[in-house]
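Below, each chain spelled out in residue letters.
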Amino acid sequence: MTDCIFCKIIAGEIPSKRVYEDDKIIVINDVAPAAPVHILIIPKEHTENILTAPSGLVLHVQEKLPEILSLAGVGPAGFRLVINTGDEGGQTVKHLHFHILAGKAMGWPPC
Ligand code: AMP
């Protein structure tokens, strides 16, 4: 999508340092980190949210997660996986992405 910031990052029109990349996803550092580790797993194919994601994408992310966590320096202490969805879900970029937050103890509830 031409006006999608994540599509521009995937296309290389906006520079980014890629923590991980394969044929289906890229992983980048969040520009406004909310934790010592805050990365975004972004599918290369534009899809608005988890409800519109193509079949197999979530499984692919799950399969790659151990490698991605290792590359990001996330250890056995744990992490939080967040998929904000829609306006009330706090989704500001309407291109599906998975937040991984780690490196500190997380509170609950998150809001
Ligand atoms: P969400 O609010 O769940 O849609 O998350 C969007 C995330 O994208 C926010 O955490 C932003 O800080 C992050 N973000 C926006 N623009 C960029 C960018 N150019 N590079 C990296 N992260 C970005």
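Residues numbered from 1 in each chain as written. Predicted model: local features only at pLDDT ≥ 70, side-chain atom pairs only at ≥ 80, totals over all residues. Heavy atoms only, no water.

On to unusual backbone geometry. Note the cis peptide between Trp108 and Pro109, where omega equals 5 degrees. Relative to the helices and strands, Pro109 is located in the segment after strand S5 (98-102). (Helix = DSSP H or I, 4+ residues; strand = E, 2+ residues; numbered from the N terminus.)

Each pocket or cavity is described by its volume, and for the largest pocket that value is around 320 Å³. Top contributing element to the lining of the largest pocket by residue count: helix H1 (residues 5-11), with 3 residues. Here the residues of the lining of the largest pocket sort into 10 nonpolar, 9 polar and 2 charged. Its volume calculated, the second largest pocket comes out at about 210 Å³. Around the second largest pocket, the lining residues are Ala34, His38, Arg80, Val82, Asn84, His99, Leu101, Met106, Gly107, Trp108 and Pro110. Elements with a contribution of two residues or more to the lining of the second largest pocket: strand S4 (80-82) and S5. Of the residues contributing to the lining of the second largest pocket, the split by class is 6 nonpolar, 4 polar and 1 charged. (1 Å grid on protein atoms, 1.4 Å probe; cavity = no way out; pocket = protein on both sides within 12 Å on 5 of 7 lines; lining within 4 Å. Points joined across faces, edges and corners; volume = space filled by probe spheres on them. Nonpolar A, V, L, I, M, F, W, Y, C, P; charged D, E, K, R; others polar.)

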